[in-house]
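Working through the structure, step by step
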Amino acid sequence: MIWNEALEQYVSDHQDEVVELIRTLVAIPAFSNHEQARAEFCAKWFRDVGAEDVKIDEASNVIVTLGDVQAGKAVAFMAHLDTVFPDETGFELVEEDGWLKAPGVGDDTANVALLMVITRYLLEQKCPPKQGVLIVLNAGEEGLGNLKGCRRLMQDYGDKLSEVYSFDGSYKGYVNKAVGSVRYRVEVKTEGGHSYGAFGNRNAIRVLASLIDALYSVKVPEGGKTTYNVGTIEGGTSVNTIAQQASMLFEFRSDVREHLDQLRGMFDSLIDAYRKMGVEVNVEILGERPCMGEIDQEKQRTIEKKVEDLIERRIGVRPEGHSGSTDCNIPFSLGINSLCFGGYLGEGAHTREEKIEKASLLPGLGVMMEFVLDYFL
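The numbers attached to residues start from 1 for each chain and follow its sequence in the written order. Given that the model is predicted, a residue must reach a pLDDT of at least 70 before its local features are reported, and side-chain atom pairs must reach 80 or more before they are shown or counted; all residues, however, enter totals for whole chains, interfaces and linings. Excluded from the side-chain calculation are hydrogens and water; included are all heavy atoms of the structure.

1. A look at the pattern of salt bridges
The condition is simple: A pairing counts as a salt bridge when a side-chain nitrogen of Lys or Arg comes within 4 Å of a carboxyl oxygen of Asp or Glu. Per the convention used, a helix needs a DSSP run of H or I reaching at least four residues, while a strand needs a run of E reaching at least two, with both numbered from the N terminus. Only protein chains enter the accessibility calculation, which uses a 1.4 Å probe; a residue whose area is less than 20% of its type maximum is buried, one above 50% is exposed, and one in between is partly exposed.
Counted according to the given criterion, the structure contains 30 salt bridges. Notably, a salt bridge pairs glutamate 95 with lysine 358, separated by 2.6 Å at the nearest N-O pair. Of this pair, glutamate 95 sits in strand β4 (residues 94–96) while lysine 358 sits in the loop between β18 (355–357) and α10 (361–373), placing them 263 residues apart in sequence. Exposure remark for glutamate 95: the relative accessible area of 41% places this residue in the partly exposed category. You can call lysine 358 partly exposed: its relative accessible area is 24%.

Here is the structure:
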């Protein structure tokens, strides 16, 4: 679709609607794996503005289908519903000094609202897609959501999709390479006992600390970027008890598939070594995110240049690509060309002090809308 003054006016006229949608959405709690209330609101909103083919699937994804997706070579535009905050009640949007403030206001609520307003235009104007299009507000992008929404989407539509775009984050840069990860809960159990009467018995905290020290002595492979981290430690009973149980959450990440496999081998060998010393070690995989698969590199570069040119023309700054862990991990791993960028500027993502620049929503809406409309006649 050729961009024109009428479309520019639509963008200008609907900034306030984006803000009000953000206000409504942040008031609906949507912790990962608990997105149903927000999904139901969004599905009803789509129906109210004219969507005929809208559903909530088994993963709590809200899916609006435009055109013939079953014909193949379809495109999906996504933004994720879930946030990292486990609160059972929503938040109040605070508008102050040009900022919109609330936990989750940017990641990814702002992009959800922007995609909803763009979809309203597509529905109202009955814009015909060049190919089948899925508008998806997906669940489970954050943390232990483990990309469940995108996994389900790929399960149901992966063989019909040629491109996937995730609107997540800002327009300062874009994600064009997947960071894979594996996340574990590791539990150590020992005999424990009274700190005085059973002194000498093995202490689960001490054994776990030894394991952590061994993990942190590992040198990461060179090339790309590879990291590991212990995020939490729990265990013990009291100050005068030799701990019988201790556990940790541990993850490693890499944007190189082979390096991710090397770390998995290292982790497995260390766990096996401790078990051979007679220590009970229980390992639970909490989440896995894949690295890159084999994608069409020429097509990928064409997509990236299109985004770079568009953002530079509308914003005045040329963005750069970088690796990241996003919903695009799943299509990337399946060989589907993908890209992730967003439509706002902000600070404090994943903190309760998160805020976005209200003024950034106007150019962000323009960037996202022009990008989406390129797939319509």
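2. Points about the nonpolar core
Put simply, the rule reads: To form a nonpolar core, buried Ala, Val, Leu, Ile, Met, Phe, Trp, Tyr and Cys residues must be joined to one another through side-chain atoms within 4.5 Å. Note on definitions: a residue-residue contact is assigned when non-hydrogen atoms from the two residues lie within 4.5 Å.
Grouped together as the largest cluster of nonpolar side chains are 69 residues, with contacts concentrated most on Ile22, Phe46, Phe77, Leu137, Phe341 and Leu361. In terms of residue count, helix α4 (residues 105–124) provides more of this core than any other element does, 12 residues in total. Apart from residues lying up to four places away in sequence, leucine 361 is in contact with Gln15, Val18, Val19, Ile22, Leu100, Ala110, Leu114, Gly343, Tyr344 and Ile356. Core analysis: the second largest hydrophobic core is formed by 29 residues, Leu215, Leu260, Leu263 and Ile271 among them.

3. Some thoughts on the sheet that holds strand β9 (residues 180–189)
What holds strands together in a sheet is hydrogen bonding between their backbones, with the strands either parallel or antiparallel. Rule in force here: Two strands are counted as paired when DSSP detects at least two bridges linking them. Interaxial angle, 0 to 180 degrees, is taken between N-to-C directions of lines fitted to C-alpha atoms, where a helix line uses only the stretch in contact.
Taking strand neighbours across the sheet as the criterion, the 4 strands line up as β11-β13-β9-β14 in an open arrangement whose pairing is antiparallel. At either end of the open sheet lies a strand with only one pairing partner, and these are β11 (226–235) and β14 (280–289). Taken pair by pair, the neighbouring strands of this sheet meet at an average axis angle of 15°, ignoring direction. Taken together, the 9 bridges between β9 and β14 define a ladder with antiparallel strand orientation. For serine 181, the partnering residue across the bridge sits in β14 and is arginine 289. In the packing of helix α6 (residues 204–216) onto the sheet, contacts are made with β9, β11 and β13 (245–254), and the angle to β13 comes to roughly 15°.

4. Details of the environment of leucine 66
If you trace the backbone, leucine 66 turns up in strand β2 (residues 62–66). In the structure, leucine 66 is positioned 12 residues away from valine 54 in sequence and 9.4 Å away in space, judged by C-alpha atoms. For leucine 66, the contacting residues outside a window of four places in its chain are Leu122, Leu123, Pro129, Gln131, Gly132, Val133, Ile135 and Phe376.

5. Some thoughts on the side chain of glutamate 187
Quick reminder of the rule: Under the convention used here, Asp and Glu are negative, Lys and Arg are positive, and both His and the chain ends fall outside the count. For this analysis, a polar contact is any N or O atom pair within 3.5 Å, provided that within protein one partner can donate a hydrogen and the other can accept it, and provided that sequence-adjacent residues contribute only side-chain to side-chain pairs.
Position of glutamate 187 relative to the elements: it lies in strand β9. One buried charged residue, glutamate 187, forms no salt bridge at all, with the nearest opposite charge on lysine 189 at 4.2 Å. Of note is the side chain of glutamate 187, whose polar atom sits 3.2 Å from the side chain of glutamine 245. Residues within four places of glutamate 187 in sequence aside, it is in contact with Gln245, Ala246, Ser247, Glu280, Val281 and Asn282.

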